[in-house]
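As a plain string of letters, each chain reads:
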Amino acid sequence: MEIHQQDFQDRRGTGTMDVEVPAQRPASAGRVSGATAAVQAAVQAAAPAVPRPVPIPAPIRTGHRFLIYKQDPSVAELGARLAFVPSVVLNGPTDARVRTVLDGVTPVARNVNGDFVFAAGTPQFDCAHTFAVVRQALAMYERHNGGRPIPFAWNVDGNTDRITVYPHAGLGANAFYSRTAKALKFLFFTPEGQPQSTVVHTCRSFDIVAHETGHALLDGLKPGWLAADCPPQTGGLHEAFGDLTAIFLALAQPDQAEALVALTKGNLHDKSFLADVAEEFGRALGMPSGLRNCDNDLKLSQVGNEVHGISQVFTGAIYDVLADVCAFETARQRRTKDPTLVLIEVAAELCRLVFDAIVASPATGARYVDVANEMLRISAGRGHPPIYRTFVRNRFAVREITTAATSLTDLMSGRMRMTDADYTGDGRDVTEVEQLDEHSASLRAEQDRTRCCGTMQMPEYQVVSAEKLARHGSLEDDDILHDDLEELREAFG
Ligand SMILES: [Zn+2]
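Thresholds applied
Numbering of residues begins from 1 in every chain and follows the order in which that chain's sequence is written. Given that this is a predicted model, residues contribute local features only at a pLDDT of at least 70 and side-chain atom pairs are listed and counted only at 80 or more, while totals for whole chains, interfaces and linings are drawn from all residues. Only hydrogens and water are removed before side-chain values are computed, so all heavy atoms of the structure are retained for them. Helical segments are the DSSP runs of H or I of at least four residues, strand segments are the runs of E of at least two, and each set is numbered from the N terminus. We compute the radius of gyration over the C-alpha atoms and compare it with the globule rule, which gives 2.2 Å times the number of residues raised to the power 0.38. Note on exposure labels: buried denotes an accessible area under 20% of the residue type's maximum, exposed denotes more than 50%, and partly exposed covers the range between, all computed with a 1.4 Å probe on protein chains only. Strand pairing is assigned whenever DSSP detects at least two bridges linking the two strands. Every angle, taken between N-to-C directions, lies between 0 and 180 degrees, and every axis is a line fitted to C-alpha atoms, over only the stretch in contact when it is a helix. Contacts between residues were defined by any pair of non-hydrogen atoms, one from each residue, lying within 4.5 Å. Each metal's donors are the N, O and S atoms within 2.8 Å of it, or within 3.2 Å when it is Na, K or Ca, and because water is not part of the set, sites may look incomplete. Geometry is assigned from the angles between donors: four donors with all angles from 85 to 135 degrees make a tetrahedral site, four or six donors whose opposite pairs exceed 155 degrees while the rest stay between 65 and 115 make square planar or octahedral sites respectively, and everything else is labelled irregular. Note on ring pairs: Phe, Tyr and Trp rings are taken, using the six-membered ring of Trp, and paired if centres are within 6.5 Å. Classes follow the plane angle, with under 30 degrees stacked, over 60 edge-to-face and the rest tilted. In this scheme, the term charge over a ring applies when either NZ of a lysine or CZ of an arginine sits within 6 Å of the ring centre and within 35 degrees of the ring normal. Salt bridges are defined as contacts in which a side-chain nitrogen from Lys or Arg sits within 4 Å of a carboxyl oxygen from Asp or Glu. Each residue after the first adds 1.5 Å to the expected span of a helix. Delimitation of the domains relies on an automatic or database domain assignment. A quick way to say it: buried area is the sum, across both parts, of accessible area lost when two parts are put together, with a 1.4 Å probe. Definition of a polar contact: a pair of N or O atoms within 3.5 Å, with one able to donate and the other able to accept a hydrogen when the atoms are protein atoms, and with sequence-neighbouring residues admitted only if both atoms are side-chain atoms. Amino acids outside the nonpolar list (Ala, Val, Leu, Ile, Met, Phe, Trp, Tyr, Cys, Pro) and the charged list (Asp, Glu, Lys, Arg) are all regarded as polar, and Gly is one of them. Surface patches are drawn from residues lacking salt bridges whose relative accessible area is over 30%; two like charges belong together within 9 Å, two nonpolar side chains (Val, Leu, Ile, Met, Phe, Trp, Tyr) within 5 Å. Note on areas: these come from Shrake-Rupley sampling with a 1.4 Å probe, and a residue is covered only by the protein chains present in the view. Just so you know, the count uses Lys and Arg for positive and Asp and Glu for negative, and it drops His and the chain ends. Just so you know, the charge point we use is NZ for Lys, CZ for Arg, CG for Asp and CD for Glu.

Let's talk about the overall build of the protein
Per the secondary structure count, the protein includes 17 helices and 10 strands. Its C-alpha radius of gyration of 24 Å places the protein within 12% of the 23 Å reference for a compact globule of 493 residues. Its C-alpha atoms give the protein principal-axis dimensions of about 75 × 70 × 50 Å. Out of the 493 residues in the protein, the part that is buried amounts to 53%.

Pasting the structure below:
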């Protein structure tokens, strides 16, 4: 069926009738401040007829509402909510950067209000949800990029090819980003021992969609980092960036931030939906705390060359810094700002710091110490209080990533002066630390990607060299088969 841009949803068969969406009120209603309730009611009743001699500021006319899962179908306290995407989205959903493909379903048409709102569980919902989360992740990093667009790896020399999102890409307990396919693919599966009717869709997980979008965006920023011939820590940065995208994207949404503050009373180390990544998916595979726990205490010496474990060390360090800065800022601003707002601002600032540090790190073979040192340098240049850098140095040192520039005694004995903006432990606010162990398997060994997500398992990143990947541009099947083809050419010569 062809759907044109002027077409609206066919309300039969898409489940839209089941979804209640609040109507947009006329702008004049309820704007009579100070009026008694009776007068207000009377004015409201007559509101549409009241002339407005003073023009009101016209809102931006673009933008669409999407119904999305805020975590996933299993996290009932957040459930599915409306989200506003303020840019132009065409039927598909499609925009200038992202398109959606689901055979027999797309293009999905918006409704008469311009919204992509469908009953949860329908294929149309899956298309809208997946598109919206990809779009939100892209928008978050573009904000941190000074409003400038972030290219996909193939967006060079004027190429504007979109990334294609496949919400039901096939059977399997996985999801992945592929540069060759210019795609994000989300698979679905029935967990072992469950009836055939129980299907877990990875596209319905906010965390999984954010994670895979993180891979795609980082491949645009640092095209050499996915290569398997980089040190395991470089692979770890890719996996960690995916998980951190899920964390920071959740905290960029005020309703999620407020729910978290209320749930944990502002303690980010309390168990919560934030630190647990991909809850439904993890539980389906027998992991009660979700697929990952970002609030972990892993050290480099405990994870060998296993990239997924190595990524947890970096994610955990950043999560700890987030909790530290949040504790400091909540105390500092306790009389002037709501704790939810503090959390949102701290998370945005830390996300921008990590983003800028990654952009400033080496094009290939980046190590955790490179990113840590860039974070320290950029933080100092940005005028953050010295205690921010103490948090960064401490958290990377305690995980055996870097040398401890300041003594860890205060941290380990719980005597850090968490409310002292100038606290540095021993008075030195250094912005350069050293790799703790140059012989760490996380730097020297081959990458073990067996426990990573589908992206890291793709052949294109296993066999194409970092040097080739780092050159940007699209990737063809023959690039993956390059060595085999060379051998054949010789054999047939
Ligand atoms: Zn991944």
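Next comes the rest of the account.
Description of the sheet that holds strand β4 (residues 163-166)
Strand order in the open sheet made by the four strands is β3-β4-β6-β5, with mixed pairing throughout. Every other strand in the sheet has two partners, leaving β3 (98-100) and β5 (175-178) as the edge strands with one partner each. Taken pair by pair, the neighbouring strands of this sheet meet at an average axis angle of 15 degrees, ignoring direction. Packed onto the sheet, helix α2 (residues 123-144) meets β3, β4 and β6 (183-186) and runs at close to 170 degrees relative to β3. Taken strand by strand, helix α3 (residues 206-221) contacts β4, β5 and β6, and its axis lies near 15 degrees from that of β5.

A closer look at the coordination of the zinc ion
The protein atoms that coordinate the zinc ion are His-211 (NE2), His-215 (NE2), Glu-239 (OE) and Cys-453 (SG), at distances of 1.9 to 2.2 Å. Each of the four donor atoms bound to the zinc ion contributes to angles spanning 91 to 123 degrees, and the resulting shape is tetrahedral. Relative accessible area serves as the criterion here: at 0%, His-215 is assigned to the buried category. For Glu-239, a relative accessible area of 0% corresponds to the buried category.

Quick notes on the packing of aromatic side chains
Within this structure, the stated rule accounts for 11 aromatic pairs. Pairing Phe-328 with Tyr-388 gives two aromatic rings, centres 6.2 Å apart and planes at 85 degrees, and the pair type is edge-to-face. With Phe-328 in helix α7 (residues 307-332) and Tyr-388 in helix α10 (residues 386-398), this pair connects stretches of sequence that are 60 residues apart. Look at Phe-328 and you get buried, because its relative accessible area is 1%. When the ring centre of Tyr-166 is taken as reference, the NZ or CZ atom of Lys-185 above it lies at 4.8 Å.

Overview of the pattern of salt bridges
Counted by the stated rule, this structure contains 27 salt bridges. Between Asp-161 and Lys-182 there is a salt bridge, with the nearest N and O atoms lying 2.7 Å from each other. With Asp-161 in the loop between α2 and β4 and Lys-182 in the loop between β5 and β6, this residue pair connects regions lying 21 residues apart in the sequence. In this structure Asp-161 comes out as partly exposed when scored by relative accessible area, which is 34%. Using a relative accessible area of 19% as the deciding quantity, one classes Lys-182 as buried.

Quick look at helix α9 (residues 368-381)
Along its 14 residues, α9 runs 20 Å from first to last C-alpha, staying within 8% of the 20 Å computed at 1.5 Å per residue. Taken across its 14 residues, α9 has 11 buried, putting it largely inside the fold. Listing the buried residues of α9 in full gives Tyr-368, Val-369, Asp-370, Val-371, Ala-372, Asn-373, Glu-374, Met-375, Leu-376, Ile-378 and Ser-379. Residues of α9 that are buried in the fold lie against α4 (232-251), α7, α8 (339-360) and α10. Phi turns positive one or two residues past the end of α9, at Gly-383, with a value near 75 degrees.

Concerning the domain arrangement of the protein
Split by domain assignment, the protein resolves into domain 1 (66-220) and domain 2 (234-444). For domain 1 and domain 2, the distance between their C-alpha centres works out to 26 Å. Residue-level contacts link 34 residues of domain 1 with 34 residues of domain 2. Summed over both partners, the interface of domain 1 with domain 2 comes to about 2,900 Å²; 66% of that surface belongs to carbon and sulfur atoms. Of all residues in domain 1, Tyr-141, His-144 and Leu-218 give up the largest surface area on contact with domain 2, accounting jointly for 22% of the area buried on that side. On inspection of domain 1 and its partner domain 2, the count reaches two salt bridges. Notably, a salt bridge pairs Arg-81 with Asp-255, separated by 3.2 Å at the nearest N-O pair. Counting every contact that joins domain 1 to domain 2 gives 12 residue pairs in polar contact (both at pLDDT 80 or more). For the side of domain 1 that touches domain 2, the elements supplying multiple residues, two or more each, are α2 and α3. Here the element with the most residues in the side of domain 1 that touches domain 2 is α3; it accounts for nine residues. When its residues are assigned to classes, the side of domain 1 that touches domain 2 shows 16 nonpolar, 11 polar and seven charged.

Digging into a negative patch on the surface
On the surface, a cluster of negative charge is made up of Glu-432, Glu-434, Asp-437 and Glu-438. For Glu-432, the position within the fold is in the loop between α11 (409-412) and α12 (441-444). For Glu-432, a relative accessible area of 59% puts it in the exposed group.

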